[in-house]
Amino acid sequence: MLQRANIVQGDFSAVSEFVTADTFVYFDPPYRPISKTANFNSYSRYDFNDSEQIRLADFYRQLDAKGAKLMLSNSDPQNENPDDDFFEKLYQGFNIKRVSANRSINSNGSKRGAIAELLIVNY
Ligand SMILES: C[S@@+](CC[C@H](N)C(=O)[O-])C[C@H]1O[C@@H](n2cnc3c(N)ncnc32)[C@H](O)[C@@H]1O
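Per chain, residue numbering runs from 1 following the sequence as it is written. Given that the model is predicted, a residue must reach a pLDDT of at least 70 before its local features are reported, and side-chain atom pairs must reach 80 or more before they are shown or counted; all residues, however, enter totals for whole chains, interfaces and linings. Excluded from the side-chain calculation are hydrogens and water; included are all heavy atoms of the structure.

Peer 1: Could you give an account of the overall build of the protein, naming the residues involved and the relevant values?
Peer 2: A count of helical and extended segments in the protein gives two helices and four strands. Numbering of helices and strands runs from the N terminus, with a helix taken as a DSSP run of H or I at least four residues long and a strand as a DSSP run of E at least two residues long. In sequence order, the protein lays out its α and β elements as β-α-β-α-β-β. Here, two residues are considered to be in contact whenever any of their heavy atoms come within 4.5 Å of each other. Excluding contacts between residues fewer than 6 apart, the proportion of contacts in the protein whose partners are at least 24 apart in sequence is 66%.

Peer 1: Just give me the short version of a nonpolar patch on the surface, but keep the residues and values in it.
Peer 2: Only residues above 30% relative accessible area that lack a salt bridge enter a patch, with like-charged residues linked at up to 9 Å and the nonpolar side chains Val, Leu, Ile, Met, Phe, Trp and Tyr linked at up to 5 Å. Per-residue accessibility takes into account occlusion by the displayed protein chains alone, with areas from the Shrake-Rupley method and a 1.4 Å probe. One speaks of a salt bridge when a side-chain nitrogen belonging to Lys or Arg is within 4 Å of a carboxyl oxygen belonging to Asp or Glu. On the surface, Val8, Val15 and Phe18 cluster together into a nonpolar patch covering about 250 Å² of accessible area. Looking at the secondary structure, you find Val8 in the segment before β1 (24–27).

Peer 1: Report on the environment of Ala68, specifying residues and quantitative values.
Peer 2: The residue Ala68 is located in the loop between α1 (50–65) and β2 (69–75) in this model. Residue class for Ala68 comes out buried when judged on its relative accessible area of 2%. For the pair formed by Ala68 and Asp22, sequence separation is 46 residues and the distance between their alpha carbons is 6.0 Å. Partly exposed residues are those whose accessible area sits between 20% and 50% of the maximum for their type, while under 20% is buried and over 50% is exposed, using a 1.4 Å probe and protein chains only.

Peer 1: Can you break down the packing of aromatic side chains residue by residue, with the values?
Peer 2: Under the pairing criterion, centres of Phe, Tyr and Trp rings, with the six-membered ring standing for Trp, must be within 6.5 Å; the plane angle then separates stacked pairs below 30 degrees from edge-to-face pairs above 60, leaving the rest tilted. With the rule as written, the count across this model stands at seven aromatic pairs. Taken together, the ring pairs in this structure connect Phe27, Tyr60, Phe86, Phe87, Tyr91 and Phe94 into an aromatic cluster. For a Lys NZ or an Arg CZ to count as sitting over a ring, it must be within 6 Å of the ring centre and within 35 degrees of the ring normal. Its guanidinium or amino end placed over the ring of Phe86, Arg32 lies 3.9 Å from that ring's centre, counting from NZ or CZ.

Peer 1: Any chance you could break down the pairing of β2 for me, citing the residues and the numbers?
Peer 2: Burial of β2 is extensive: five of the seven residues sit out of reach of the surface. Strands were regarded as paired on the criterion that DSSP finds at least two bridges between them. Bridge count for β1 against β2 is four bridges, and the pairing is parallel. Note that in β2 the partner of Val25 across the bridge is Leu70. Bridge analysis of β2 against strand β4 (residues 113–121) gives five bridges, and the strand direction is antiparallel. Directly across from Ser73, in β4, lies its bridge partner Leu119.

Peer 1: Requested: an account of the nonpolar core, with residues and values cited.
Peer 2: In a soluble, globular protein the nonpolar side chains are often hidden away together inside. Nonpolar cores are built from buried Ala, Val, Leu, Ile, Met, Phe, Trp, Tyr and Cys residues. Side-chain atoms within 4.5 Å join them into one set. Phe27, Tyr60 and Tyr91 are the most contacted members of the largest nonpolar core, which has 20 residues in total. Counting only elements with at least two residues in this core, the list comes to β1, α1, β2, α2 (86–90) and β4. It is α1 that provides the largest number of residues to this core, a total of five residues.

Peer 1: So what's going on with the sheet that holds strand β3 (residues 95–103)? Residues and values would help.
Peer 2: An order of β1-β2-β4-β3 is seen for the four strands of this open sheet, with the pairing classed as mixed. Among the strands making up the open sheet, the edge pair consists of β1 and β3. Adjacent strand axes in the sheet meet at a mean angle of 25 degrees, parallel and antiparallel pairs treated alike. Pairing between β3 and β4: nine bridges, direction antiparallel. Bridging from a neighbouring strand, Val99 pairs with Glu117 of β4. A fitted line through C-alpha atoms represents every axis, and for helices the fit uses only the stretch in contact; the resulting angles, taken between N-to-C directions, go from 0 to 180 degrees.

Peer 1: So what about the pattern of salt bridges? Which residues, and what values?
Peer 2: Any two side chains of opposite charge can pair, so long as their charged atoms come close to each other. Taken as a whole, this structure holds seven salt bridges when the rule is applied. One salt bridge connects Asp11 with Arg55, and the closest N-O pair in it is separated by 2.9 Å. Placement of the pair is Asp11 in the segment before β1 and Arg55 in helix α1, with a sequence separation of 44 residues. A relative accessible area of 36% places Asp11 in the partly exposed class. Relative accessible area serves as the criterion here: at 32%, Arg55 is assigned to the partly exposed category. The salt bridge partner of Arg55 is Glu52, with a shortest N-O separation of 2.8 Å. You can see Arg55 and its partner Glu52 sitting in helix α1, three residues apart, about one turn around the helix.

Below is the structure:
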């Protein structure tokens, strides 16, 4: 399949020119840390912090306006803090589903297992 694929590397905003109303886009960004110790989101020297999450949500809205079908996954802050509505505010108006995901890696054995994650779709 990859022989027919065009792989482009760059900031997420670079995909805009390829997206039309016929496109399905799956976003798998660095997850927002749900606790002070679970903070791995540094895939490069640039941290994917809350302002990057906001920039990504703005981009999601731009692609939504083109009519593309969109799906984005992220961590669910409400696993740790039921009052944390960061993603509810950011993706207001979209369909925010909570799904159960298995996590087998955690320094704390009791925290391995099923955890809620977010799937945010515009359809
Ligand atoms: C959760 S990982 C995705 C893993 C990938 N979907 C896979 O299955 O291997 C998040 C990815 O986002 C990339 N990333 C970080 N900042 C980015 C940006 N501004 N634009 C595009 N990608 C970025 C990271 O390099 C990392 O590969």
